[in-house]
Structure formats: C-alpha cells, structure tokens
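Fold and geometry: a report
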Amino acid sequence: MEYEPVIGLEVHAQLLTETKIFCSCSTKFGAAPNSHTCPICLGMPGVLPVMNRKVVEYTIKMALATHCRINGENSFARKNYFYPDLPKGYQISQYAYPLAEDGYVDVETNGEKKRIGITRIHMEEDAGKLVHDENSPSSYVNLNRAGVPLIEIVSEPDMRNTEEAADYLRRLHEILVYLEICDGNMEEGSFRCDANISLRPKGEDKFGTRAELKNMNSFRNVQRALEYEIKRQQYILESGGEVVQETRLWDDSQGVTHSMRGKEEAHDYRYFPDPDLIPIVISGEWIEKVRETLPELPLAKRERFVREYDIPPYDAGVLTASRNLADYYEETVRLCGRPKIASNWVMGDVLGHLNEEKREIKDCTVRPPALAEMIKLIEDGTISGKIAKEVFEDMYKSGRSPKEIIEEKGLVQITDEDTLQKAIEEVLEASPSQVEQYKGGKDKLFGYFVGQVMKATRGKANPKLVNELLKKMLAD
Amino acid sequence: MELSRLTIHELQEMIKKGETTSSDIVESVFKRIDAVEDKVRSYITLLRDSALEEAQQADREIKKGNIKTLSGIPIAVKDIMCTRGVRTTCGSRILHNYVPPYDSTVVMKLREAGAIFVGKANMDEFAMGSSTETSYFEITKNPWDLERIPGGSSGGSAAAVAADECIASLGSDTGGSIRQPAALCGVVGLKPTYGRVSRFGLIAFASSLDQIGPFTKDVEDCAILMNLIAGHDPMDSTSVPTSVPDYREYLSRGIAGWTVGIPKEYFIEGIDPEVSGAIEKAIKEIEGLGAKCIEVSLPHTDYCVAAYYIVAPAEASSNLARYDGVRYGLRSESGEGEDLLEMYKRTRSEGFGAEVKRRIMIGTYALSSGYYDAYYKKASQVRTLIKRDFEESFKKCDVILTPTTPTPAFKIGEKTDDPLQMYLSDIFTLSANLAGIPGISVPCGYTKAGLPIGLQLLAGHFEEGKLIQIASAYEKHSKTEKRRPEI
C-alpha cells in the first residue's frame, strides 16, 4: 500500500528583545551562568510578572507577516509541570486565548506552490537550562534563559512530504529574520522545531496516529528525522502493527528516533488563566502602527525582483535569502544599472568568497559602489570579463577600488587595432607549423592562436577584437 | 503610661510635641513583648536589635525636624511579606531558612514612611487556615483567652496588636484572614479592594484573592496605614491605577442619610446567639446615627464556600509548585541512588504540613484535564454571580453589614480534626474576596465570657473610604465598652 505522510510543525522562536518577557533582565546569550537573573525570573517567593510590551509588538509583527487574525483580547495561562529548569513550577504561556490564529505561509516545493496553514501564534517564556557534568553525579541549573520571550508558531497538518516541511521551515525562518524579531540561530536554540507526523493510506481522509518528534537542531535534521520516522511508521503499518501516540527524541549521531514518553506518561499541564497578569488588549490602532513598521517580506521582494530587474526566479530566490543581501544587490543595481550582470557577480564571486569563508554579506569588503564601478568598467570595455575576475579577487582581499587596481597593474584592455595586429603577427610568425596546419583545414587551432595572443598581452587583449583580427589575418 | 498601649495617631502627636521618642516607644513595645510573648506567641521572628537601632536613627531625624507619617512607630508584618535580609517563612518548614533578597512593595512603603519593624508575625502555613494552628513554628494564643485561637491566617498580626506587642501590623486576607482574626482579637482589620494594594513581595496563596491590609487599634490608624499602602505599583499588573483618596478625610464625617444593607442570607442557623445579639445591637446603634437599615439579598451566598475551596486551592497548587528544593528553602537530600523525583517528593512531603498538602491535592485535582470545566471553570462562573449579587445590592445601599464570624474565638485544637468546620468559620468573609470588594471588621462588643465580637462592613470596589467613614462613626458613637485583654 502507498502511504502518505501528514506533517505539522511547531516552531519556537526566541524574540530579540533587550529584556526578558516578565522582568528587566538581559536576554543576551552566553553570559556567565545565572548572571542574567533576578528574583522574578528565579521564581522567588512573592514576585510577580510584568508584561514586556515589546514582546507583544514583535508577536503582532509575526502575526501580520503570516496573515493571521489578531485577537484583540488575549491572555496568559499557566502550564504546570515540575522540572529544575522551570523556576516557578509553571511556564507562563498562552492557551485558550493566543495572540494570533488562522494564518498561512506560502511555500514552493519543486516548482509547486502550496499554502501551509498556521493554526496559532502565541507568546510564552523560555525555561532555563540544565548543565550535566559527566564527572559528577550533580547537575547544574543555569537560569539565564528562564524568562526569555518565545513565540510558538503552530502549523496546520498541511505538509505531505519532508521537502515541504523543510521549505515551510525555511520560509518561516526567513520571515522571522526579515522582521528582525529573531536571530534564527538554530545552534543556540533561538529557532527550534518539533514535528508531528503520521501516515495514512493514500486517498484516505482520516489522519493516522501521530508521533511527536523533538530535539532536531537544524533544518537538515528535521528532514532526516521526518524521513526516518516515515520509514519507521511505514514498517510498523506494513507489518500489520499500530503506531503508538508518543513523543520521540531524534538522536543525531545514530540517525534514529527514540521513544521519550508515551500517551500514558503524557503530562497533564493543568492549564488555567494566570491570575497575576491582566488580559492583553490590542487595539486596531496598535496593529496599524505595527503594520507600518513591517519591512517588505521575502516573498514580495522575490516577486518584485523578477518583475523589476527581469532576473530568473532562481536568482531572485538566492538574492532575497536575507535582507542585507537583497539590499546589497539592489544598491549595486542602482549604481550600475545592469541587473542580470550584477546578479551573476553577487551570486557567483561575492557569495562564493563569503560562503567559503563563512562570512556574511555585511562583512563583505567589496561594497556595492565598488562592485558597481567594476561592472561599469566591464561594460565600457575598459577591462575584459576575465581580467575582472582578477580585479575582483584583489578588491576582495585589499578592499581597494577597481580603478586603482587596474591602473596599478596596468590591466586596461587593449582595444587598439594596431597594437593587437602587431601582437597577432608576432604569434603567427612564431608558430609557422600551426598556421600551416590551420590553413590545411585544422580549424580547432583557432583557439590556440587566441590563447597565444591573450598570453602575449597578459590577458588584456579585447577577446572580440582578437577574434575578428585573427580570422581576417589567417584568411589572408 | 505604657506607650505600647497607644495608637499611631496618639504617638505621632507625642513625637511631634517632643513628649516621647521612638526609642522610648520601641523599648516599651519590647518590654511588653518580653512580658507576654511567651504566652501569646505572636511572632516567628523578632527584630529587637535592628528595631532599637532604627529607633535611634529615627530620633536623630525627628530631632532635625524630619518627621514622616510613621516616624519611629513600631509595626509588625505578617511573615508572608518579603523583607530584605530578614527571614521570611510564610509559616512553613519549607521556607524555614529563606531570606529574601528584596523587600515587598508594602514593606518598602512603610519603611519609607519611617516605620520601625518589630518582627515577623506568626501565621497559618502559607495562610491556609483560620486559627494560626497550621503554622510550622508555633500556635499563637488569643490574648483574650490563652486557651483559644486568635483566628487566622493572620493570627500573629492580630494578636500582636491586641496584646500591645506592636502599635499596628499588616496582614493578608485571601478568604477572611485579616477580618476574622481582627474580630476574634477585638481589633480593627481591613481587607482592601482587590488591586488596591500591591501584592509584589506578598508570598502568593491564591493570587486572584490575596490582598494585604492593616490591623490597628482604631479606625483612624487604619486610615493612616491605608494612606500609605494603597496605590498602583508597576511591579504588580493587577494593582489598579485609580487614584487613592486621603482616607483620613472620611473619619468623623458621620453617616446620616446612609442606607445600610443587611443580607438575609448571612443570618443563618448555627450563628452564635451572643454574636447575633451583638450585631443586632450594632444595627440599632447605626440606625441611631441616622442611617436606614434595609434587608438585601445575596442569593448566591450558599455557593461561596464551595467556589472558594475550588479557586483558592487551584491557584495555590500552582503557586506552591516553586517550592521544590532546587533553588532555596528546604531541600531533603535524596539518598544513594535516588533521583530528582525522589528529591522533589521528600522535600515537599517533609516541607509542607497537612493542611497545605490537602489544598495542593484539592487544587491539583480541580485543575486536572477532564475536571477543569466542572470545577475551576464552574467556580469562576459562580464568582461572577457572587460579584453580581453585590453589585445589585450596592444599588440599594451604601454598605452591607454582617457579623464577621459566626462564633467567637474557639478553643485550640477544637476544629483541627474537622477541616470543614474550620472552613465554615470564614463563611461570612469569603464572599468579599470572591467578589474583590473591600471589607472591614470592627469590634462590636464581647461575649459573657469576655471574648470580642466583630462587625463586618462591606462596600463596593474601591470604596474603602465608605468603610472607614461608617466604622469610624460607629466606633466613636457606639456605647459598647472598650476593654483590654488581661494576659
């Protein structure tokens, strides 16, 4: 039987606020353990939470970017469970009344467009972290992260294969980073994903029993874990078994999922409205104010690039991967006026160098004015495309302007016919046997002559002119 | 003259006139404590050294003419309010060694007003109780009869004021924990409107019901303390940013032309005849002051106890989850081979007393999936109805008058084996917490055996002024004799 996977994803994104969600401690990552704590985030007796309004604002941004309905009145609830990284014995989260509901994200997988529904987006506080010492029976608690604001974005079970799931995640990640509300760092846990997956016979409407997958800390691992889980569930179903509803942990080193807890051991979180916090009222006015601050989102930018710059959708996709890269490209185009050539250079040499060194576009030594100047120098024939590669190399290393490099190295293209003619004559004179063979019908040798001329001119000869002149002179 | 016997306003006058000093007052209070504390046991922690030192400092300031509202006045606070650097136990073994790194907002406000802290008053463990018998540390005795309970949960705060072991004190009231002990100890106790006083630093029992309020020797002192502690606090989202009047202005205004509502549902069978007798007498006296007393109805009164004992334990079960032995307070070290769960279980088994455990279990059950709708949600709906009952009644009257408690102080141990009987001693006070309205208890006479009886007055949201107005009028003109306990 053919089975169809049904996948829904839950994403936790840490918000880039300066301070925690319910106190004024810093949210900075990597500080000395427990140095970013206070009586409130330590859950001392008698303390009370006070809502950080920035968190609401950021969540509204995400809600607007994903076409959600924003609930004018929403509120916090307590999710009760015991764990040493949870200082109060409950997590303040949203339950019955989340900030946003019923949105969507458009994805494109293997050329096919699809709309993935978003069930809800809600705000909550992060827990701390346990540190285990392998050489000691003790564990340690670091509560720097306790109270860092999170949003949880829950998708509908709309994805039908692992590629779609990965694409949805990338789009979501991209939106969060574009909005500058999350740094998207998966390794530091700023962007975390849990997945719900079940199989059903193809054509069946009813969902099968699902497993919840946790502990996947990269896009690749999400996809790998889902692929593994599809195989595992398929094997169970094909051998006549039943999938158990449970939570499973992805083991990266083994490439498998392990059962963490079953349905019977599932927590009863005893949710109830948090009496310490008053409902959050969001006026239409507030929503409009936030809407005005929204940047152009990746999808819109992509479509505009194709339309405005007449570049292939593939190029537009690469160039809009981040806001900084898109800005870099647009600035270059604005200065040189050659969108496609600019796209080739940015996607090729610029990103090539940066990726190799794992650097980001904002750290690129070649800034848009220099790149645009170089493109113009190619266009007006001052340098050849080939020389340009050399020039760019130097620009990237030294940060100097292309003109400076060209002048210093004497790289200006030779377009003077007399000079070229002389160079060609010298080449032909030095290669009498090849000239003879060529004239005897060995056309392939033409390239050899071009190469020799380029070599003689240290690559500065205008290739087009060399071609024309060579053809003429060999015909004589 | 014993300074410890006087009120805040009397001592203020004397200090202003230079007739006494803070050091003299504090010494007088500690002399009294030395004489009676062994018998009464109002305090978990006494702050003798710091109090005497602060008194000397206060005297220096006073000499410079720098006199604040509470300059040099010795105050006690219930051990549920966090005090920076001073052990705060909440009456529990699980916090027997907990020293907060911060001051609660009310403590900070009183400190800024010049108050001197005498000590941390005894209480029922986590404020769960009506007799102060569930305290891990000791049983506070009623100063009027040392074989009887002082009421609870703020029994220590009430007894300390009644026994002149401080000039005034703060307590907290979740279901009657200020008004009931005030009635049983013969002092004035006010529970403000929910949101009137900051809860920041008040160790939470039931967050949607808890309020801090004063215990005082008379109504004027009550107004003085309310002026200091009321008001919005940015650290407490549930504190309300409405302006605070000067409560002293409500003193001596009289109540001519007022309508006082008497809820028929509160005059039930089982109410002690001496209590109902005293209340009837008080009603007559209030009518004598020019007020009209009418019967009103609060039809959902019967459901108060049930709703309260769902909502309060449910919130408590969550509020008390943080006492897990991980970060502060008691930790019962797990033995060889025992895991985290074992540490949790042992810490909480050994750290909490029976009544606290009972309520954690009730609350956990009420919030469990599948039961939430039937219990917590239903109780919340009942709360709305109770609130509406009061809103309806307050359309017809200025304040509502009831007995504070159905009986005078009972004997120590009398109800400890019968939680339901214990719960019923708050039957007249719970509704104000469920509805969020303010309530005051003022002394209204004594039983033949010499036990105080309390009169409860309730008003609409943020109408503490009205309570002070009528309580002050009654206090001034009532012919009820005023006695002092003999310890």
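Residues numbered from 1 in each chain as written. Chains lettered and ligands numbered in written order. Predicted model: local features only at pLDDT ≥ 70, side-chain atom pairs only at ≥ 80, totals over all residues. Heavy atoms only, no water.

As a further point, take the overall build of chain A. Counting its regular elements, chain A contains 15 helices and 16 strands. In chain A, which comprises 476 residues, the proportion classed as buried is 52%. Entry remark: accessible area of chain A is about 23,100 Å², with carbon and sulfur atoms responsible for 48%. Of the charged side chains in chain A, 63 are positive and 79 negative, and the gap between their average positions amounts to 1 Å. (Helix = DSSP H or I, 4+ residues; strand = E, 2+ residues; numbered from the N terminus. Buried < 20%, exposed > 50% of the residue type's maximum accessible area, 1.4 Å probe, protein only. Areas by Shrake-Rupley, 256 points an atom, 1.4 Å probe, with all protein chains shown as cover. Lys, Arg positive; Asp, Glu negative; His and termini not counted. Charge placed at Lys NZ, Arg CZ, Asp CG, Glu CD.)

Moving on: the overall build of chain B. From N to C terminus, chain B includes 15 helices and 11 strands. Relative to the compact-globule value of 23 Å for 487 residues, chain B shows a C-alpha radius of gyration of 21 Å, a close match. Seen through its principal axes, chain B has C-alpha atoms that stretch 70 × 55 × 45 Å. Taking all 487 residues of chain B together, 64% fall into the buried category. Taking all contacts inside chain B whose residues are at least 6 apart in sequence as the whole, residues at least 24 apart take part in 76%. Accessible surface for chain B amounts to roughly 17,300 Å². Of this, 50% is attributable to carbon and sulfur atoms. (Rg over C-alpha atoms; globule rule 2.2 N^0.38 Å. Contact = heavy atoms within 4.5 Å.)

Once that is clear, we can look at the interface of chain A and chain B. Opposite the 32 residues of chain A that make contact, chain B presents 38 residues. Across the chain A to chain B interface the summed buried area is about 2,700 Å²; carbon plus sulfur atoms make up 61%. Looking at the side of chain A facing chain B, the largest losses of area belong to A:Pro45, A:Phe82 and A:Arg270, adding up to 23% of the total buried there. Inspection of the region where chain A meets chain B yields one salt bridge. For B:Arg199, the salt bridge goes to A:Asp276, with nearest N and O atoms at 3.0 Å. (Buried area = accessible area lost by both parts, 1.4 Å probe. Salt bridge = Lys/Arg side-chain N within 4 Å of Asp/Glu carboxyl O.)

All names here are of chain A. Examined at the domain level, chain A breaks down into domain 1 (3–289), domain 2 (296–409) and domain 3 (417–475). Domain 1 and domain 2 are separated by 37 Å when their C-alpha centres are compared. Each partner contributes residues to the interface: domain 1 has eight residues there, and domain 2 has 11 residues. Regarding the contact of domain 1 and domain 2, the summed buried area is about 740 Å², with carbon and sulfur atoms giving 59% of it. For the pair domain 1 and domain 2, the number of links is two salt bridges. For the salt bridge of Glu-174 with Arg-302, the shortest nitrogen-to-oxygen distance reads 3.0 Å. (Domains from an automatic or database assignment.)

This brings us to the nonpolar core. Judged by nonpolar contacts, the single largest core of 155 residues is most densely connected at B:Leu70, B:Leu110, B:Phe126, B:Ile286 and B:Phe390. For this core, the leading source of residues is helix α9 (residues 304–319) of chain B, giving nine residues. Not counting chain neighbours up to four residues away, the residues in contact with B:Leu70 comprise B:Ile8, B:Ile75, B:Leu110, B:Ala113, B:Gly114, B:Ala115, B:Ile224, B:Leu225 and B:Leu228. Within the second largest apolar cluster, 63 residues are counted, among which are A:Tyr3, A:Ala63, A:Leu64 and A:Leu297. (Core = buried A, V, L, I, M, F, W, Y, C linked by side-chain atoms within 4.5 Å.)

The subject of this paragraph is the pairing of strand β2 (residues 74–78) of chain B. Residue and element names in this part refer to chain B. Across the five residues that make up β2, a large majority, five, are buried. Sheet topology places β2 next to strand β3 (residues 116–121); five bridges connect them, and they run parallel. Bridge assignment links Val-77 to a residue of β3, and that residue is Lys-120. Chirality of the crossover, the property in question, places the unit of β2, helix α4 (residues 105–112) and β3 among those that are right-handed. The pairing of β2 with strand β4 (residues 168–173) spans three bridges and is classified as parallel. Counted as the bridge partner of Ala-76 is Ser-169 from β4. (Pairing = 2+ DSSP bridges. Right-handed = clockwise from strand over helix to strand, strands pointing away.)

Attention shifts here to a negative patch on the surface. A cluster of like negative charges, contributed by A:Asp416, A:Glu417, A:Asp418 and A:Glu468, occupies part of the molecular surface. Looking at the secondary structure, you find A:Glu468 in helix α15 (residues 463–475). (Patch = residues over 30% accessible without salt bridge, like charges linked within 9 Å, V, L, I, M, F, W, Y side chains within 5 Å.)

The tally for this structure, following the rule as stated, stands at 32 aromatic pairs over all chains. Between the aromatic rings of A:Tyr438 and A:Phe446, the centroid separation amounts to 6.4 Å while the plane-to-plane angle is 35 degrees, which identifies the pairing as tilted. An aromatic cluster is present here, built from B:Tyr98, B:Phe126, B:Tyr323, B:Tyr328 and B:Phe352 joined pairwise through their rings. When the ring centre of A:Tyr269 is taken as origin, the NZ or CZ atom of A:Lys79, which lies over that ring, is 4.4 Å away. Stacked on the ring of B:Tyr250, the Lys or Arg B:Arg253 has its end atom at 4.5 Å from the ring centre. (Phe/Tyr/Trp six-rings, centres within 6.5 Å; stacked < 30°, edge-to-face > 60°. Lys NZ or Arg CZ within 6 Å of the ring centre and 35° of its normal.)

Another point: the sheet that holds strand β12 (residues 211–216) of chain A. Sheet architecture is open: nine strands sit in the order β2-β6-β7-β10-β1-β11-β12-β13-β14 (chain A), paired in mixed fashion. One side of each edge strand has no neighbouring strand; the edge strands of this open sheet are β2 (69–70) and β14 (256–262) of chain A.

This part covers the environment of B:Trp258. Residue and element names in this part refer to chain B. The residue Trp-258 is located in the loop between α7 (219–229) and β7 (259–263) in this model. Each C-alpha atom of the pair Trp-258 and Leu-420 lies 37 Å from the other, and the pair is 162 residues apart in sequence. Look past the residues within four positions of Trp-258 in its chain and what remains in contact with it is Gly-290, Ala-291, Lys-292, Asp-398, Val-399, Lys-466, Gln-469 and Ile-470.

A packed helix pair is summarised by two numbers, namely the angle formed by the two axes and the spacing between the axes. All names here are of chain A. Orientation of helix α12 (residues 417–430) relative to helix α14 (residues 445–456), taken along the N-to-C sense of each, is 120 degrees, at an axis distance of 9 Å. In terms of orientation, α12 and α14 fall into the oblique class. Seen from above, α12 lies across α14 with right-handed handedness. Contacts between α12 and α14 involve Ile-424, Val-427 and Leu-428 on the former and, on the latter, Phe-449, Gln-452 and Val-453. Partitioning the contact of α12 with α14 into residue classes produces five nonpolar, one polar and no charged. (Axes fitted to C-alpha atoms, helices over the stretch in contact; angles between N-to-C directions. Parallel < 35°, antiparallel > 145°, perpendicular 65-115°, else oblique. Left-handed = near helix turned anticlockwise from the far one by under 90°. Nonpolar A, V, L, I, M, F, W, Y, C, P; charged D, E, K, R; others polar.)

Another aspect to go through is unusual backbone geometry. Of note, the amide linkage connecting B:Gly152 to B:Ser153 takes the cis form, showing an omega dihedral of 10 degrees. One non-glycine residue with positive phi stands out, namely A:Asp102, at about 55 degrees. Looking at the secondary structure, you find A:Asp102 in strand β6 (residues 100–109). One non-glycine residue, A:Asn110, lies in the positive phi region at around 50 degrees. Relative to the helices and strands, A:Asn110 resides in the loop between β6 and β7 (112–125).

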